[in-house]
Structures are given as C-alpha cells and as structure tokens.
Amino acid sequence: MIGKLLLAGAVGVPALTTATVAATGVAWVDVREGGQGGHRIVVPVPLLAAELAASFVPEKQLAQEMGEALEHLPAAREVLKALAECPDGELVRVEEEDERVLVEKRGDTLRIQVHGRGGQEEVTVNLPLEGIADIIGEDGRVSPLRAVRLLRHARFSTLVEVKDGDDHVKISVF
Amino acid sequence: MNRTWIVAGTLALGFGVVGAPGVRAQAGATPWLHVRVEEPSRQSKVSVNLPLTVVEAAIKAAPEKIVRDGRFQISCGHHGLSVAEMRKVWAELKNAGDIDLVTVEDKDETVKVARKGDLVQVRISGKDGEEVRVDVPVGLVDAALSGEGDEIEVGALVRELSKRRGDIVQVNDKDSKVRVWIDESNAGNGGK
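Structural notes, computed from the coordinates. Computed from a prediction, not measured in an experiment: that's the story for all the values here. (Residues numbered from 1 in each chain as written. Chains lettered and ligands numbered in written order. Predicted model: local features only at pLDDT ≥ 70, side-chain atom pairs only at ≥ 80, totals over all residues.)

## Considerations on the overall build of chain A
In step 1: What chain A contains, in helices and strands, is four helices and eight strands.
In step 2: Rg of the C-alpha trace for chain A: 20 Å, well past the compact-globule value of 16 Å for 174 residues, more than 25% over.
In step 3: The principal-axis extent of the C-alpha atoms belonging to chain A is close to 70 × 45 × 35 Å.
In step 4: The buried share of chain A, reckoned over its 174 residues, is 14%.
In step 5: When contacts within chain A are restricted to residue pairs at least 6 apart in sequence, long-range pairs at least 24 apart make up 44% of them. (Helix = DSSP H or I, 4+ residues; strand = E, 2+ residues; numbered from the N terminus. Rg over C-alpha atoms; globule rule 2.2 N^0.38 Å. Buried ≥ 20, exposed ≤ 12 C-beta atoms within 10 Å, placed from the backbone. Contact = placed C-beta atoms within 7 Å.)

As structure tokens, then:
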C-alpha cells in the first residue's frame, strides 16, 4: 500500500507540477552567442514563479520621476485602448539608407521591427496591447507584478527577438 | 522652409484640410490619416498611418491645459489673432463668396490665401521651387470654430474630418516632399 502511494506521489507530483506550470505559462529565454565555441543559455521561467517573485519587489524602489509625462498617461491609455479596437494595419514605417523601422498593429499585438546595419541587426518586439497601459499606475510607479501578468496576454508568441551579427536573443512565452 | 512647415502643420493639424472637396466617406469604413515625408537626399522615407479613432482618442485625452471638454484651449496672448476674433472674421468672410483673402509677395516667395467655392486655399510658391498646397474645406473651418471663446471644437472637427477623403496637405520643396491625406486604406500607399 505504502509502495503504491510512493509510486503515485513520484509520478503524480511531477506530473501535477508540469501541468500547473504548463497551464499558467512559461517565459522562455534563449541566448545564443555567435562564433565558434559560443555559448547557448536557455532559461525557462514559470510565470507563476515570476509573479510570486514580482510580488515581493518593493514598488517604491521602482518609482520613477515622470514629471510632465505623468499628465500624458491618461492620453496614452486612451490611445492604446483605441489602438486595440482599431483595424489592423501599418502604423509607422521609417526607411533610411541603412535602417528600417516598422510599427504595425496585428490583432491585439503591437509589433515593432527594426532592421539596421544592412540586415546585420534585427530587433522584433511584440507588445500585447491589452493591459500594457496598466504597468504604470496612476502615481507613475511601475508595477513589476502587473508587468509579469502582462506576459499572460502574450502567451504562445515571441515577445522579443534580437539578432546582432551571430548573436541571438529570443524571449518567448508559452 | 520653416514658415512652410508652420503654415502646413497648423492648417493640417489645426483645421484639417482636403484637396478633393467632393469626395465623401462611405458609411461604416474606418478613415485613416496618413502622413508621408520623403527626403531623397537622405534616402529617407517616413510614413505614419493612424485611424482617425486613435487621433480622436489622443485629442480627447490630452491634458486639460491643451484640451478641455473636447475643445482646444488656445491663448494668443497679446499677439496675433485670437480664436474669438478668428470666429468673427470667419463669420464675415464665409458669406463673401469667392474672394482673395491674402496675397503676400516678397523676393523669396509668394503666399496666397483665397476662398474658392467650398475651399479655403493656401498656396505658397518659393523661388527655389518650393511649393505648398493646402485646401481647407469650409465645413471644417465651421466645425473648428463652432465653439465659444478661445476654443477650437475638437469633436466637431474630427467628425467633419472623418467624412472627408483625399489629400489634406502637399508640400514640395527641393529637399523634401510631404503629403497628408485621408482614405480608408490601412497600408498608407494612397494609391501612389
């Protein structure tokens, strides 16, 4: 009987943990160094654990002096809300000799792409429009907890991807 | 060039302007405001495309010192023409029919402001080939000046603007080209 319980625990606990982590989401950080002998570091971060850690970060430490920017915060929120509701499309395109910047709205995501140095540098950022305005509170303080919670809106997507020559950094949320 | 930008910018953003007065919106479609700036010498192209709903949201939510209750607060101090004075002048001019309002000719450029049918036209021609064309529909000026005191009625302005389709501002000079227009395309190619 005890053997069966131990076996059930040995199988059940990891299975339950895996299921909980999978259900609540994982941020996947993948860093690859270019060149021969370049390192590769992969760090899976369960969102539940990140939320727990973020809840202990003292928000006072993250208070930023926003100055006049604070009074534009309501406008920024309204713009983000209107953007979330508007049809998809290309919002900004800047093309110069050696650089291209593209900002477009796709579904509930704001995608920012930068191509520089003739294709040597590439940065892609996908920001979930929903909830992004809530990261900064009415008092101008950044909330790490709300920032982590925002990642739930970005599940099953690549949040950030940076290529610089042979170096590659990718942060995905599953 | 600075004066060109000031005139074009003020008229485009303050009043909204359209070169195709007869072109009206179809119901239900989302109007997009497009801005295209090209500087061939720098191999630079900038394109901004925003749904008018986003523009309206930004204006409505602007800080109270700029917009209060959906109206731009404009203070001209002791210089220039106040909005209230503009309203009085406009009330007189509106019924005057087609008329040349302003003509300024100096050694570098010619500036003309005229009322032609449904449009208030601003034309600036520089000796170096610089050319600015701005057409402000009368309806937009009416909407902008429908408030009271030193206030520009933003809501009425955006509502009127969202009914319009076509070019708003065109600026061509030796260094750059600027085009501002409204259509229902989210791509910003404007068919050009």
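Further notes follow.
## Notes on the overall build of chain B
In step 1: Helix and strand counts for chain B come out as five helices and eleven strands.
In step 2: Within chain B, buried positions represent 32% of all 192 residues.
In step 3: Taking contacts inside chain B between residues at least 6 apart in sequence as the whole, the part at least 24 apart equals 57%.

## Focus on the interface of chain B and chain A
In step 1: Every contact between the two is made by 22 residues of chain B and, on the other side, 21 residues of chain A.
In step 2: Contributions of two or more residues to the side of chain B that touches chain A are made by β2 (44–51) and α2 (52–60) of chain B.
In step 3: The greatest single-element share of the side of chain B that touches chain A, amounting to eight residues, is contributed by β2 of chain B.
In step 4: Here the residues of the side of chain B that touches chain A are counted per class, giving eleven nonpolar, eight polar and three charged.
In step 5: The sheet contact formed by strand β3 (residues 89–96) of chain A and β2 of chain B spans four bridges and is antiparallel. Considered in β2 of chain B, the bridge of E95 of chain A is made with K45 of chain B. (Nonpolar A, V, L, I, M, F, W, Y, C, P; charged D, E, K, R; others polar. Pairing = 2+ DSSP bridges.)

## Some remarks on helix α3 (residues 73–85) of chain A
In step 1: Compared with the 18 Å implied by 1.5 Å per residue over 13 residues, the 19 Å span of α3 of chain A between its first and last C-alpha is a close match.
In step 2: Buried within α3 of chain A are the following residues: V79, L80, A82 and L83 of chain A. End-on view of α3 of chain A: buried residues confined to an arc of 165°, all on one side of the axis.
In step 3: Turning to α3 of chain A, the residues buried within the fold contact β4 (99–106) and β5 (109–116) of chain A together with α2 of chain B. (Expected span 1.5 Å × (residues − 1). Arc of directions from axis to C-beta.)

## Concerning unusual backbone geometry
In step 1: For F156 of chain A, which is not glycine, the phi torsion reads 60° and is therefore positive.
In step 2: With respect to the element layout, F156 of chain A can be found in the loop between α4 (144–153) and β7 (157–164).
In step 3: Take F156 of chain A: there are 8 C-beta atoms within 10 Å of it, and that puts it in the exposed class.
In step 4: In this structure, Q43 of chain B is a non-glycine residue whose phi angle is positive, near 50°.
In step 5: Following the sequence through the fold, Q43 of chain B ends up in the loop between β1 (32–39) and β2.
In step 6: The exposed category is assigned to Q43 of chain B, around which 11 C-beta atoms lie within 10 Å.

## Description of the environment of E96 of chain A
In step 1: One can find E96 of chain A in strand β3.
In step 2: Since 14 C-beta atoms lie within 10 Å of it, E96 of chain A is described here as partly exposed.
In step 3: Sequence separation between E96 of chain A and G116 of chain A is 20 residues, and the spatial gap between their C-alpha atoms is 9.5 Å.
In step 4: Once residues lying within four places of it in the same chain are set aside, the contact partners of E96 of chain A are R42, Q43 and S44 of chain B.

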